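Analysis of the macromolecular model
In case you want the letters, here they are:
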Amino acid sequence: MVFLQEQIHVLCSQKKATLLEELQESSKKKTGLDVIVHAKSRNDDGKELMQSILRQIAGGKNPSSVTVGWLSKEAPEGALMERWSELLSDSAFNLVDVSSGLSEVFAVKDETEIQNIRKAGFLSASVLKNYVVPKLEVVIDEEKTITHAELMDDTEKAVIDPSKAKVKLKADNVDICYPPVFQSGGVFDLKPSAISNEDPLYYDAYGVIVCAIGARYNSYCANVARSYLIDADALQSKAYKVLHKAHEAAINALKPGNPASAAYKAATSVFEKEGPEFIPHLTKTTGTGIGIEFRESGLSLNSKNDRIIKVGMAFNVNLGLHNLQIQSSQNPKTRNFSLLLADTIVIKEKGPENATSSCSKSFDDIAYSFKDEEEEEQEKPKPKAPSGNGADGQHFKTALRSDNQEMTKEEVRRQHQAELARQKNEETARRLASGGLGQGDGQGVVRTTGDLVAYRNVDDIPFSKELMIQVDQKNESVLLPLYGLMVPFHIATVKSVISQQDGGHSYIRIIFNVPGAGYSPTDLASQKFADAVYLKEVSFRSSDVRHTNQVVQLIKTLRRQVVLRESEKAERATLVTQEKLQLMKARPIRLSDLWIRPAFGGKGRKLSGMLEAHVNGFRYSTMKADERVDIMYRNIKHAFFQPAEKEMITLLHFHLHNYIMVGNKKTKDVQFFVEVMDVVQTLGGGRRSTYDPDEIEEEQQERDRKNKINSEFNTFVKRVSELWEQPQFKDLDLEFDVPFRELGFHGVPHKASAFIVPTVNCLVELIEQPFLVITLNDIEIVNLERVGLGQKAFDMAIVFKDFKRDVLRIDAIPSTSLDGIKEWMNSMNIKYYESRMNLNWRPILKTILDDPEKFIEDGGWEFLNMEVSDSDTENSEESDEGYQPSDLDVASESEEEDSDDESVVESEEDEEEEEDSEEEEGKTWDELEAEARKEDKEKGAESDSEEDRRRRKAKATGKVRMPEVSRKLPLKKPKLR
């Protein structure tokens, strides 16, 4: 857009040009200015139109004599703006930066703008006063653990929902200027770009908590910041009081007619008089102008800005002291501290008006002291001792604080885990007492045969002159010649068909599903016809090899089609009916050229598709009419956005509450992704130089492509997040989680190694299939197995609150990740235990479900505590009972899981083996040991010691698993720590 004295030139697309046609007429009538629109076609780069505009600017004069104002500091975005900036720079015009002039124009606000800033300021101060401060007081009073990032998330929700802060403003009109900032524990950053880290809030003695909140109302910004002191010492108290006085002096200096530098000079004069030792720690400015932009850089309140303050201006008066030190403290979390104060000020004719004054910053309101209560408790045996301000009481408290500082991270973690163990056992006891045993995964489909009907009437059976095997695909039946008759069998009754050749003949063997082999014991057919005789298998011999092969192929194909159809039908029958997608009337939020996982079935070339966000859900579709998936917002349990960093793809992943069908696949996880790099293979195999220009250019193109794709996904996520902030979606609590790569670790959750990363609410692996999404709130406990000296890797067993759900294992985690994982779980309040060997969890959970009261009476989960178990072993021989692991050879969990993946069909031989194993389970340990000793004697291995045999057996099995747990739990109640 170019402004001339009597014309305004606009270069845009043809679609936008049609929208500006109405502006042309109204502008001419009201202002006398001609609005000239230059419409650019889709394939036009716009260069000729730009040159035409430049000629209009010159107006036939020598370009060097024409002065053109432009925004030199604004970086051009997009190819069109870059081309315009290049042509303008190459022209001979006299270019002048007009940023300061425009800043001067926008600096003075009208009454409507001032009112918007006032409301934004009132909202910011109210959130801090009515929501943040009470929350901090509860956390400190109850000694809770909460991270800065969690406080940031909670406060952000309070800003966008003003009712939480007791403010009557419409949620549609408010937003945040920046994510709320919370800092404590010796790590402070007073820059406007500061963010809240993942460290826990620190509120012990000498602690400082800095809070900053910025809110918008109708796009206008306001800012407030406060510092809160916990049991402040003399240095902290003096520093804050001087800072408070200097901040008020800076605000009072903002009067109409004064230069902007007056604010900074007023603040420094206070420090020169009352705290000259703090001047080196003072921030370089006392703030900036504020409005639609959070920082109006042309109105910086520093010592060199001489711009005159006018009525209608607004400022963010921000003053702080950074990197101060308490010399007497050795604790790094209290030794270094910073202080910050900020208010939003509006300039009126009478002087400055504080829009955030409702949140007090006086010393009495921001300083918290807990000394009196603690010291009164210490002085109870000595009624005549000082109440808390004496030297002895202060010395005792300082010594106690020093002892706490010497506690290692592991000791702090153990204390927290001991408290979690108590809470977890109480929670589990309440849940089991109320009958909350869980419902299992809910994925199993109960198979029932119903009434299989091949033909309704005998007359419907096709007539055949020749007695030979026929396949009726229309009625899904196989006709077999038996005793001179064609007998029909529904294809669902066929278990398998085998053909083989011997000499000049070909043999066909057909095996049927029969009760006790192919079906479950509760099969409807076996119940309905209890006295019926079933045909298990039948064999035929034929001299026509060609016909034999054709029949076998037809039977297998028909069986495969029917099984696939029935399984899909059974899966669809278990699906929850979802609401209908409401299409957005306006242009929906879109993301193009995406691939989906799981992929659609069918043959042919796979196509990329488009993801659209509509009124109540997403829709993904490709060019094929039958390839479409709808995901309702109410069905989304977790949403993830993972940009490509070290991976080859950028992705959006949705973990759902209820299953949906993607093609013919039933799934709870749907993912949309784009590959950010192409796999390239260099022909010829020659190694290219690092400084090869082509190589450098390719790498730069790859980086640009990755950044572009990440930016497109990020824009889509932001727009969808804004959509989810609407009132009708508040109860869904939807937001996009971004995995924390720095907390990730390698492990084997399924069959291949993968990089597993935590998010705010989950533990996920979203690159390799099958995906891993574990909701942290669903976790009961975590047992770290094979933990010990000399081990290069350990395993993680995750036990869910739903005890009917299988324990999830993540194997082969490098031991170097152990401390990081324990620290993360501790920060997320997840109770974990450690063991030296793997446990067989199925019998353990079965024992708990069979007798939950006994489980609680025997100490709950504390049987997993290695320290308690070790101490009990030294004092009592009864510790070998119950949940104690053994080195006897039993089937591993992985073997049991593999068996679950096999067909539900069980042969008679399997049943016989199960009966034999049940008979063996009836023998006592003494009988089994006697038999083993007898066998060893017969083999000549009597001289081997029991220890040698055990060592050989452990070496052969590789892993030691726990045997099936007896129904008795430990008789000795473990100690709770």
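Residues numbered from 1 in each chain as written. Predicted model: local features only at pLDDT ≥ 70, side-chain atom pairs only at ≥ 80, totals over all residues. Heavy atoms only, no water.

1. Some words on the overall build of the chain
A tally of helices and strands in the chain yields 25 helices and 35 strands. Across the 977 residues of the chain, 41% fall into the buried class. Put simply, of all contacts in the chain between residues at least 6 apart along the chain, 66% involve residues at least 24 apart. Of the roughly 55,600 Å² that the chain leaves accessible, carbon and sulfur atoms contribute 49%. (Helix = DSSP H or I, 4+ residues; strand = E, 2+ residues; numbered from the N terminus. Buried < 20%, exposed > 50% of the residue type's maximum accessible area, 1.4 Å probe, protein only. Contact = heavy atoms within 4.5 Å. Areas by Shrake-Rupley, 256 points an atom, 1.4 Å probe, with all protein chains shown as cover.)

2. Digging into unusual backbone geometry
Along the chain, R597 connects to P598 via a cis peptide bond; the corresponding omega equals 0 degrees. With respect to the secondary-structure elements, P598 resides in the loop between β20 (589–597) and β21 (609–613). Here the residue pair Q769 and P770 is connected by a cis peptide bond, since its omega of -5 degrees sits within 30 degrees of zero. Along the chain, P770 falls in the loop between β30 (762–765) and β31 (772–775). A positive phi angle, close to 55 degrees, is found at E476, a residue other than glycine. Summarising the element assignment, E476 is placed in the loop between β14 (470–472) and β15 (477–482).

3. Quick look at the confidence of the model for the chain
Residues of the chain with pLDDT of at least 70 account for 80%, and the chain-wide mean is 80. In the model, residues 372–406 has pLDDT below 50 throughout and makes 23 contacts with residues more than four positions away in sequence or in other chains. The low-confidence segment residues 873–921 (pLDDT under 50) makes 68 contacts with residues lying over four places distant or belonging to another chain. (pLDDT = per-residue confidence, 0-100.)

4. Here's the deal with the sheet that holds strand β1 (residues 2–3)
Read from one edge of the open sheet, three strands run β1-β2-β3, paired in mixed fashion. Whereas interior strands pair on both sides, the edge strands pair on one side only; in this sheet they are β1 and β3 (34–40). Bridge count for β1 against strand β2 (residues 7–13) is two bridges, and the pairing is antiparallel. Considered in β2, the bridge of V2 is made with H9. (Pairing = 2+ DSSP bridges.)

5. A few points about helix α18 (residues 818–827)
Where α18 is concerned, the buried positions are L818, I821, K822, W824, M825 and N826. Of the residues one or two after α18, N829 is the one with positive phi, at around 60 degrees.

6. Focus: the packing of aromatic side chains
In total, this model carries 18 aromatic pairs according to the counting rule given. Ring geometry for F618 against Y633: centres 5.2 Å apart, planes inclined by 85 degrees, an arrangement best described as edge-to-face. Taken together, the residues F618 in strand β22 (residues 617–621) and Y633 in the loop between β23 (628–632) and β24 (636–642) connect sequence positions 15 residues apart. Taken as a pair, F618 and Y633 share a single burial class, namely buried. Connected via pairs of aromatic rings, a cluster forms that spans F600, F618, Y620, Y633, F654, F672, F716, W724, F729 and F736. Stacked on the ring of F800, the Lys or Arg R805 has its end atom at 3.7 Å from the ring centre. (Phe/Tyr/Trp six-rings, centres within 6.5 Å; stacked < 30°, edge-to-face > 60°. Lys NZ or Arg CZ within 6 Å of the ring centre and 35° of its normal.)

7. Here's the deal with the pairing of β2
Between the antiparallel neighbours β1 and β2 lie three residues. As paired strands, β2 and β3 are joined by seven bridges and run parallel to one another. From the neighbouring strand, C12 faces β3, where its bridge partner is A39.

8. Notes on the pattern of salt bridges
A complete count under the given rule lists 35 salt bridges for this structure. Notably, a salt bridge pairs D731 with R634, separated by 3.4 Å at the nearest N-O pair. Remark: R634 occurs in the loop between β23 and β24 and D731 occurs in the loop between α17 (693–724) and β27 (736–737); sequence separation between them is 97 residues. A relative accessible area of 45% places R634 in the partly exposed class. One network of salt bridges, in which partners are shared, links E785, R786, D795, R809 and D811. (Salt bridge = Lys/Arg side-chain N within 4 Å of Asp/Glu carboxyl O.)

9. What about the nonpolar core?
Membership of the largest hydrophobic core comes to 93 residues, with the highest contact counts inside it found for V132, L254, F271 and F315. The element best represented in this core is helix α6 (residues 111–141), accounting for 13 residues. Contact partners of F271, with chain neighbours within four places excluded, come to V242, L243, A246, P276, F278, I279, L282, L319 and L321. Among the nonpolar cores identified, the runner-up in size contains 36 residues, and Y633, F654, V662 and I709 belong to it. (Core = buried A, V, L, I, M, F, W, Y, C linked by side-chain atoms within 4.5 Å.)

10. A short note on the sheet that holds strand β28 (residues 745–747)
Here four strands make up an open sheet; going across it, the order is β28-β29-β30-β31 and the pairing antiparallel. A strand with exactly one partner marks an edge of an open sheet, and here the two such strands are β28 and β31. Sheet twist, expressed as the average angle between the axes of neighbouring strands with direction ignored, equals 25 degrees. Strand direction decides the pairing type here: β30 and β31, joined by four bridges, are antiparallel. Bridge pairing in β31 links V764 to V773. (Axes fitted to C-alpha atoms, helices over the stretch in contact; angles between N-to-C directions.)

11. Some remarks on the packing of helix α3 (residues 47–58) against helix α4 (residues 79–90)
The contact between α3 and α4 brings their axes to 11 Å, and the two run at 40 degrees. Classed by the angle they form, the pair α3 and α4 counts as oblique. In the crossing of α3 with α4, the sense of the turn from one axis to the other is right-handed. Contacts between α3 and α4 pair K47, M50, I53 and L54 from the former with L80, R83, W84, L87 and L88 from the latter. Split into classes, the residues belonging to the contact of α3 with α4 amount to seven nonpolar, no polar and two charged. (Parallel < 35°, antiparallel > 145°, perpendicular 65-115°, else oblique. Left-handed = near helix turned anticlockwise from the far one by under 90°. Nonpolar A, V, L, I, M, F, W, Y, C, P; charged D, E, K, R; others polar.)

12. A closer look at a nonpolar patch on the surface
On the surface, a cluster of nonpolar side chains totalling about 500 Å² of accessible area is made up of L71, V96, V98, L102, V105 and F106. Among the structural elements, L102 can be located in helix α5 (residues 99–107). (Patch = residues over 30% accessible without salt bridge, like charges linked within 9 Å, V, L, I, M, F, W, Y side chains within 5 Å.)

13. Regarding the side chain of E647
Tracing the sequence through the fold places E647 in the loop between β24 and β25 (649–662). The class of E647 is buried, set by a relative accessible area of 12%. Separated by 3.3 Å, the side chain of E647 and the backbone nitrogen of E645 make a polar contact. Apart from residues lying up to four places away in sequence, E647 is in contact with Q642, V676, R741 and I767. (Polar contact = N/O pair within 3.5 Å; in protein donor to acceptor, adjacent residues only side chain to side chain.)

14. Notes on the environment of D306
The residue D306 is located in the loop between β9 (287–289) and β10 (314–325) in this model. For the pair D306 and A260, spaced 46 residues apart in sequence, the C-alpha separation works out to 5.6 Å. Among all residues touching D306, those that are not within four sequence positions of it are P259 and S261.

15. Details of the state of the cysteines
For the structure shown, the criterion picks out zero disulfides. Of the cysteine sulfurs around C221, a residue in no disulfide, the closest is that of C177, at 3.3 Å. Cysteine C359 shares no disulfide, and the gap to the nearest cysteine sulfur, in C211, comes to 9.0 Å. Judged by relative accessible area, C359 falls into the buried class, the value being 4%. (Disulfide = S-S within 2.5 Å.)

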